Amino acid sequence: MDPFQGSVHANLAKDQFNAKKAYALAKLGDDYSVGLCKFFMEAAKGLGIEVVYETFPDGTSDFAAYVANAKNCGADVFFAPTSIEAAALIIEQANTQGLTIPLLAGDTWDSNVILAAAKGTNIGVYVTTFFVEGSTDKQVTDFVTGFRNYINTNATAKTNNGGDDEIAAVSAMGFDAYYTALEALKNAGSTKGADVKKALPSTTYTGVSGKIAFDSTGDAVRDVAYIKKVNTSTGKWDFVAQQRVK
């Protein structure tokens, strides 16, 4: 949920970087990035963080001015929950201008496109996500092994995955969504849509992305996210921390 991810990043800015001022950038008219910035700013205010907020219009390809504004305003972090296309351009310009403050973004940036854009730079890119590799849990290791076996033996699938076998959180969560649906079918004891819909709110499942449950409005119940950082030497993700919301 956007309110959760926005709050996670505000807490990350405070806990990891002791931020007193943040720069937030969203695409004008884009519900995702504008919404995340809104919730980030609300949480940041409660944590005593001043936020300078700007938007860019659709079709923007030059982010030089926005990166310069982030530098010149004295921000300690740069929150940019944008599309992947804009993200790659922001990272490129941040590197050109020698930006030293960290770039923070939501799960949209959990992509091998971001890894490629940040590799070989000096830019710190941190994303919130809901799946990280490295767990010794058998369910997770089986998923990782199965995913990579499939990707590396199916040329079309590998191309669709960006040409490598990186596992984005969206893949893991799609996997969990499938099994959560199966649990709802079992709980309903029926394949009728109305019965499954009735059973779904009380359905729980522990998947590769963690425990899955729903609140009274049908939204996911989450109190923690994973923070990953791009390792600019290897072009891979490094696990940073589990981040909770205060």
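All values reported here derive from a predicted model rather than from experimental measurement.

A. Inspection of the pairing of strand β1 (residues 21–27) at higher detail. Most of β1 sits inside the fold, with six of its seven residues counted as buried. Pairing between β1 and strand β2 (residues 50–56): seven bridges, direction parallel. Bridging across to β2, Lys21 finds its partner in Glu50. Traced from β1 through helix α2 (residues 31–46) to β2, the parallel crossover comes out right-handed. Here three bridges tie β1 to strand β3 (residues 77–79), and the two strands are oriented parallel to one another. Bridging from a neighbouring strand, Ala24 pairs with Phe79 of β3.

B. Structural context of the packing of aromatic side chains. For the coordinates displayed, the defined rule picks out 14 aromatic pairs. Ring centres of Phe56 and Phe63 lie 4.9 Å apart, and the angle between their planes is 80°; on these two criteria the pair is classed as edge-to-face. Assigned by exposure class, Phe56 and Phe63 land together as buried. Taken together through their ring pairs, the aromatic side chains of Phe131, Phe143, Phe147, Phe175, Tyr178, Tyr179 and Tyr205 make up a single cluster.

C. Spotlight on the nonpolar core. Counting residues in each nonpolar core, the largest one holds 29 residues, and the members touching the most others are Phe78, Leu103, Trp109 and Val125. The set of elements that each furnish at least two residues to this core consists of β1, α3 (64–72), α4 (84–96), β4 (103–105), α5 (112–118) and β5 (125–129). Examining the composition of this core, we find that five residues originate from one element, α4, more than from any other. Ignoring anything within four residues of it in the chain, the contact list for Leu103 reads Phe78, Ile90, Ile91, Ala94, Trp109, Ile123, Gly124, Val125 and Tyr126. With 22 residues, the next largest nonpolar core counts Phe40, Val77, Phe130 and Ala225 among its residues.

D. Quick peek at the packing of helix α1 (residues 2–17) against α2. The contact between α1 and α2 brings their axes to 7 Å, and the two run at 50°. The angle between the axes of α1 and α2 places the two elements in the oblique class. For the element pair α1 and α2, the recorded crossing hand is right-handed. Residues Asp2, Pro3, Gln5, Gly6, Ser7, His9 and Ala10 of α1 touch α2, and the partners they reach there are Tyr32, Leu36, Phe39, Phe40, Ala43 and Ala44. Grouping the amino acids of the contact of α1 with α2 by side-chain chemistry returns eight nonpolar, four polar and one charged.

E. Up close: α2. An ideal rise of 1.5 Å per residue puts 22 Å on 16 residues; α2 measures up with 23 Å between its terminal C-alpha atoms. Listing the buried residues of α2 in full gives Ser33, Gly35, Leu36, Cys37, Phe40, Ala43 and Ala44. Looking at the buried positions of α2, the neighbouring elements they touch are α1, β1, β2 and β3. Following α2 by one or two positions, Gly48 adopts a phi angle in the positive range, close to 80°.

F. Up close: the pattern of salt bridges. In total, this model carries eight salt bridges according to the counting rule given. Of the charged contacts in the structure, one is a salt bridge between Lys27 and Asp58, with a shortest N-O distance of 3.0 Å. With Lys27 in strand β1 and Asp58 in the loop between β2 and α3, the pair connects residues that are 31 residues apart, well separated along the chain. For Glu183, the salt bridge identified is with Lys186, shortest N-O distance 3.2 Å. Note that Glu183 and Lys186 are positioned in helix α8 (residues 169–188) at a spacing of three residues, about one turn of the helix.

Rules used throughout
- Residues numbered from 1 in each chain as written.
- Predicted model: local features only at pLDDT ≥ 70, side-chain atom pairs only at ≥ 80, totals over all residues.
- Heavy atoms only, no water.
- Buried < 20%, exposed > 50% of the residue type's maximum accessible area, 1.4 Å probe, protein only.
- Helix = DSSP H or I, 4+ residues; strand = E, 2+ residues; numbered from the N terminus.
- Pairing = 2+ DSSP bridges.
- Right-handed = clockwise from strand over helix to strand, strands pointing away.
- Phe/Tyr/Trp six-rings, centres within 6.5 Å; stacked < 30°, edge-to-face > 60°.
- Core = buried A, V, L, I, M, F, W, Y, C linked by side-chain atoms within 4.5 Å.
- Contact = heavy atoms within 4.5 Å.
- Axes fitted to C-alpha atoms, helices over the stretch in contact; angles between N-to-C directions.
- Parallel < 35°, antiparallel > 145°, perpendicular 65-115°, else oblique.
- Left-handed = near helix turned anticlockwise from the far one by under 90°.
- Nonpolar A, V, L, I, M, F, W, Y, C, P; charged D, E, K, R; others polar.
- Expected span 1.5 Å × (residues − 1).
- Salt bridge = Lys/Arg side-chain N within 4 Å of Asp/Glu carboxyl O.

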